Every structure is written in structure tokens, then in C-alpha cells.
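Listed here are the chains, written in short residue letters.
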Amino acid sequence: MANETILLVDDEEEIISFIQDALELEGYQVLTAGSGQEALIQSKQQPSLIILDVMMPDMNGIEVCEQLRERTQCPIVFLSACQSEVDRIRGLAAGGDDYLLKPFSLAELKARIHAHLRREQRIRTHKEQGFLRFPALTIDCKGHAVTCNGHNLALTNKEYQILELLAMHQGQVFSREQIYEKLWGFDAEGDDSTITEHIKKIRAKLAAHAQDRSYIQTVWGIGYKWDPK
């Protein structure tokens, strides 16, 4: 994971310095930002992962995350003193991949960073090869085809696009609204309730050949994520 770039966003200089020193000792390149606006500017350097505080003076981390998701799909890990379930749900719904509470264990933070970057590396490698591979399931990204336990799935174009979007961002939670806007566009006629129906159909087609795996998990109150375990 050496030479990966991490963007660290927090308005507390002590936390910035503490985490930056620890990550640089691990071989990471670290960009820092003390505000939401600065984070958006620094994100143009295309970091591999973003650590994002929630409570900041100019823009809160939720707002920053929503804007970041318009320009990057890299993992975003919230680091926050906001401990309620509602806060965690808001962070994940905004496009965050993980939520770690302050005070935090530095060892746990480093372990989560490594896990997210390792997952992203696997996805990049598979995508470069043209395939995403999971237990019992193979996605041919170039041929827009999906094979489950040796059976070709008869997916519609939109069903394939939804499945590929989730699979390419394993573990990231997408709301119905986010999926609809990404695949149909902001100006499309209709509403995001169609996502629920598409997900039902995808699940049924997967279940026909892999009854012991669901792949697409419902995150109650937020949306859906890809989890082939």
C-alpha cells in the first residue's frame, strides 16, 4: 500500500498532526485540509482514500461528502465524535464507506484504511482485466455479462448497470436516489422507486443459481450495498 495518497480532513490541528505522522511512517503520502472548502480543493489531486471529520466550521462533513461523491469514488472514512445511530446513518447515506468514532484507536484506523485500499486494489486489478470476480459470480465488464455458478444471467441493461455499480464499489452504501441519479440522470422522468423493483428482479435472478448468497444487501434506512459474503 506504499505510495498511496490519503486526504486527511479535520479542523483540529492536533488530530491532523497525530494521524499524519502515523500514516507517513506507514509509507502513505498524506494531504491535509482544515476545512470543507479546502478538502474539495485538495480532492482534485485524486487521493486513494479520504478521512473526513463531521463537525467543521464552514461545511460539515456530510455536506463535504455529498460534494466529493460527485467527483470521486474513492473510499471515504468518517472520523467523528458524533456517536448517535442517526449520525452514522447520515454519513453512510451521504456516500461514506466507514464511520469511526472519536476517541479512536490508531491501530484500528490503520487497519480499516488498509482494508479499504486492499479492496480498491482488487477491484482495479479485476477491472483492468475486464472482469469482477466474486464467490460463484463473474462480471464481464467489457461484455456486460454476468455468470452465476456457470449460468448466464439474463439481465436487462439497467439491471446490469445497477449490479455493476454496486459490485465495483463493494461495501459502499448507495441510496435509491444516488443509484437513480447515476444511471438515469438528474433530468430523467420517473422516480427512484423503480430502483426497488430492479433490485428485486436482480436478486431473484441471482437466487435462482446461488440460493446461499444474496450479494446485494439492504442497509435499512439508507439503501443498498454489495456484500458477497
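Residues numbered from 1 in each chain as written. Predicted model: local features only at pLDDT ≥ 70, side-chain atom pairs only at ≥ 80, totals over all residues. Heavy atoms only, no water.

Undergrad: Just checking my understanding: could you explain the overall build of the chain for this structure?
TA: From N to C terminus, the chain includes 8 helices and 11 strands. Radius of gyration (C-alpha) of the chain: 18 Å, near the 17 Å computed for a compact globule of 229 residues. For the C-alpha atoms alone, the extent of the chain along its principal axes is close to 55 × 35 × 30 Å. Put simply, the chain has 229 residues, and 48% of those count as buried. Sequence-distant contacts in the chain: of pairs separated by 6 or more residues, those separated by 24 or more amount to 56%. (Helix = DSSP H or I, 4+ residues; strand = E, 2+ residues; numbered from the N terminus. Rg over C-alpha atoms; globule rule 2.2 N^0.38 Å. Buried < 20%, exposed > 50% of the residue type's maximum accessible area, 1.4 Å probe, protein only. Contact = heavy atoms within 4.5 Å.)

Undergrad: Got a minute to help me understand the packing of aromatic side chains in this structure?
TA: One pass over the full model with this rule turns up 5 aromatic pairs. With a centroid separation of 6.4 Å and 50° between ring planes, the pair formed by Phe18 and Phe104 is classed as tilted. One end of the pair, Phe18, is in helix H1 (residues 13–25); the other, Phe104, is in the loop between strand E5 (98–101) and helix H5 (106–129), and 86 residues separate them in sequence. Within the aromatic cluster, the residues linked to one another by ring pairs are Phe134, Tyr215 and Trp226. Sitting above the plane of the Phe131 ring, Arg133 keeps its charged end 4.8 Å from the centroid. Over the aromatic face of Trp184 sits the side chain of Lys158, whose NZ or CZ is 4.6 Å from the ring centroid. (Phe/Tyr/Trp six-rings, centres within 6.5 Å; stacked < 30°, edge-to-face > 60°. Lys NZ or Arg CZ within 6 Å of the ring centre and 35° of its normal.)

Undergrad: Sorry, what's going on with helix H3 (residues 61–68) here?
TA: In an α-helix, one full turn covers 3.6 residues, which means residues spaced three or four apart are oriented alike. For H3, the full list of buried residues reads Gly61, Ile62, Val64, Cys65 and Leu68. Looking down the long axis of H3, one finds its buried residues gathered within 160° of arc, a one-sided arrangement. Looking at the buried residues of H3, the elements they touch are helix H2 (36–42), strand E3 (49–53), strand E4 (76–80) and helix H4 (85–93). The opening residue of H3 is Asn60, an N-cap whose side-chain oxygen sits 2.9 Å from the backbone nitrogen of Ile62. (Arc of directions from axis to C-beta. Polar contact = N/O pair within 3.5 Å; in protein donor to acceptor, adjacent residues only side chain to side chain.)

Undergrad: I keep staring at the sheet that holds strand E8 (residues 145–148) and nothing clicks. Help me out?
TA: Two modes of strand pairing occur in sheets, parallel and antiparallel, and in both the strands are linked by backbone hydrogen bonds. The strand order across the open sheet built from 4 strands is E6-E7-E8-E9, with neighbouring strands paired in antiparallel fashion. For this open sheet the edge positions go to strand E6 (131–134) and strand E9 (151–152), each flanked by a neighbour on one side alone. Inspection of the sheet shows E8 paired to E9 by 2 bridges, in the antiparallel sense. Bridge assignment links Cys148 to a residue of E9, and that residue is His151. (Pairing = 2+ DSSP bridges.)

Undergrad: Whenever I open this one, unusual backbone geometry confuses me. Can you help?
TA: Excluding glycine, residues mostly carry a negative phi; peptide bonds, for their part, are mostly trans. Here the residue pair Lys102 and Pro103 is connected by a cis peptide bond, since its omega of -5° sits within 30 degrees of zero. Tracing the backbone through its elements, the reader meets Pro103 in the loop between E5 and H5. Positive phi, close to 55°, is recorded for Gln46, a residue that is not glycine. Within the secondary structure, Gln46 sits in the loop between H2 and E3.

Undergrad: Can you walk me through the packing of helix H7 (residues 176–184) against helix H8 (residues 193–207) in this structure?
TA: A packed helix pair is summarised by two numbers, namely the angle formed by the two axes and the spacing between the axes. The contact between H7 and H8 brings their axes to 8 Å, and the two run at 90°. By the angle between their directions, the pair H7 and H8 is classed as roughly perpendicular. Between H7, through Arg176, Ile179, Tyr180 and Trp184, and H8, the contact on the second element is made entirely by Ser193, Thr194, Ile195, Thr196 and His198. Taken together, the residues that form the contact of H7 with H8 break down as 4 nonpolar, 4 polar and 1 charged. (Axes fitted to C-alpha atoms, helices over the stretch in contact; angles between N-to-C directions. Parallel < 35°, antiparallel > 145°, perpendicular 65-115°, else oblique. Nonpolar A, V, L, I, M, F, W, Y, C, P; charged D, E, K, R; others polar.)

Undergrad: What exactly am I supposed to notice about the nonpolar core here?
TA: Soluble globular proteins tend to bury their nonpolar side chains together. Grouped together as the largest cluster of nonpolar side chains are 30 residues, with contacts concentrated most on Ile139, Leu166, Ile179 and Trp226. Ranked by residue count, the leading element in this core is helix H6 (residues 157–168), at 7 residues. Among the nonpolar cores identified, the runner-up in size contains 21 residues, and Ala39, Met59, Cys65 and Leu68 belong to it. (Core = buried A, V, L, I, M, F, W, Y, C linked by side-chain atoms within 4.5 Å.)

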